[in-house]
Amino acid sequence: MAAIVAAAVREEVDVTRKRRNVPHRSRVLYLGFGLLGLLTLLAIMAPLFGSPYVMHKDGLTDLGAPLGMFSPNHILGTDSLGRDMLARSAAGLRSTLIIAIVANVTSVLLGTVVGLLAGFFGSLVEQALMRIVDVFLSIPVVLSGLALASIVGRGMWGIVVVVTALYWAWTARLVYGEVLRLRGRGFVEAATVHGVRRFTVLRRHVLPHTSTVLINIAALNGAAVVVIGAGLSYLGAGIQPPQPELGNLLQSGSAAIDFAPHLLLVPLALTVATVLSIVLIAEGVNRRNSLSERRSWLSI
């Protein structure tokens, strides 16, 4: 008994020491947070740029075409109805970020709970929960997203429900695998031998050791949520015009690419920047984890 406890303590201390001795390789992490911070600031400041629904009298040329970028009073130009593209892009970015944050948090929380319960308790609980996960993982994302959107609605909160339903299973599968790895570790067995309640072992000893995995999941899941949310809006199953969202701005801009390319390029740049910022954050988190064996795809 004493030997098991001593080995468990040494094991947990070694893990903690390795994590504390991680070198400060934070350049990529700071770059990601900086870019995401700028985008968030732009989204927060959206009301300062005016209403995204107002059709300005000076918003079209004499021939009825949209104003280009850097036009007087409209730095990013206007759309085909004379609405300011800066106001619409900032408001669309705000909608996209709200969807991404809320849907990411709910999907990660739901997937974490399912993965923890299935991985730690095993038996019938494991079989029942993981078969449900397998069903959700086997459904094509785009087709199931379109089908769910037609059921729950096409507003902002409908998209949150759809994206959560599409991505919680990925989190559950990854957390489940991590819990299976931790379940046989010495510090978990020692706590169990000492009669600690199973939920207490799960909360105090297993969950903290999944934190690095959860942070990576949340970061990478956030990028996927941005893409699928914008994609559903692009396909007409998300937020509907005239309410702006990066996906429906991309859809309307693609129809005007021949005579007003800025209508596509502006929301496309914001979408790419949002995804890139989240991916950089995930990469930075991975670099700070000394236990990670994944090779970096960046040289900075």
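Here the structure is a predicted model, which is why all the values come from computation and not from measurement.

Conventions and cut-offs
- Residues numbered from 1 in each chain as written.
- Predicted model: local features only at pLDDT ≥ 70, side-chain atom pairs only at ≥ 80, totals over all residues.
- Heavy atoms only, no water.
- Phe/Tyr/Trp six-rings, centres within 6.5 Å; stacked < 30°, edge-to-face > 60°.
- Buried < 20%, exposed > 50% of the residue type's maximum accessible area, 1.4 Å probe, protein only.
- Helix = DSSP H or I, 4+ residues; strand = E, 2+ residues; numbered from the N terminus.
- UniProt positions renumbered as here; feature names shortened; annotations may be inferred.
- pLDDT = per-residue confidence, 0-100.
- Contact = heavy atoms within 4.5 Å.
- Axes fitted to C-alpha atoms, helices over the stretch in contact; angles between N-to-C directions.
- Left-handed = near helix turned anticlockwise from the far one by under 90°.
- Nonpolar A, V, L, I, M, F, W, Y, C, P; charged D, E, K, R; others polar.

To continue, consider the packing of aromatic side chains. This structure, assessed with the given rule, holds 2 aromatic pairs. Plain terms: the ring middles of phenylalanine 120 and phenylalanine 121 are 5.6 Å apart, the flat faces sit at 90° to each other, and that makes the pair edge-to-face. For phenylalanine 120, a relative accessible area of 7% translates into the label buried. Judged by centre distance (5.1 Å) and plane angle (65°), the rings of phenylalanine 136 and tryptophan 168 are edge-to-face. Here phenylalanine 136, found in helix α4 (residues 123–138), pairs with tryptophan 168, found in helix α6 (residues 156–183); they are 32 residues apart in sequence, far enough to count as distant.

With that settled, consider the UniProt feature "transmembrane region" (unreviewed entry) in the protein. In the numbering used here, UniProt assigns the feature "transmembrane region" (unreviewed entry) to residues 28–49, 97–120, 132–151, 157–176, 213–239 and 259–285. With 100% helix and 0% strand, residues 157–176 has its two end C-alpha atoms placed 28 Å apart. Across residues 259–285, helical content stands at 89% and strand content at 0%; the span's end C-alpha atoms are separated by 42 Å.

For the rest of this paragraph, the subject is the environment of aspartate 84. Its location among the elements puts aspartate 84 in the loop between α2 (27–44) and α3 (85–121). Owing to a relative accessible area of 6%, aspartate 84 belongs among the buried residues under this scheme. Measuring from C-alpha to C-alpha, the distance between aspartate 84 and asparagine 73 comes to 8.9 Å, with 11 residues separating the pair along the chain.

Turning our attention to the confidence of the model for the protein. Mean pLDDT over the protein stands at 82; residues scoring 70 or higher make up 87%. When the elements of the protein are averaged for pLDDT, helix α1 (residues 2–20) gives the smallest value, 47, and α2 the largest, 93. Below pLDDT 50 for its whole length, residues 291–297 participates in 11 contacts with residues either more than four positions away or in separate chains.

What follows is about the environment of alanine 46. Along the polypeptide, alanine 46 turns up in the loop between α2 and α3. Remark: the alpha-carbon pair of alanine 46 and glycine 92, spanning 46 residues in sequence, is separated by 8.9 Å. Setting aside its immediate chain neighbours within four residues, alanine 46 contacts Ala90, Ala91 and Arg94.

At a minimum axis separation of 11 Å, α3 and helix α8 (residues 198–206) run at an interaxial angle of 115°. The two elements α3 and α8 meet at a crossing, and its hand is right-handed. Taken together, the residues of α8 that come into contact with α3 (itself represented by Leu116, Leu117, Phe120 and Phe121) are Arg198, Phe199, Val201, Leu202 and Val206. Looking at side-chain class alone, the contact of α3 with α8 contains 8 nonpolar, no polar and 1 charged residues.

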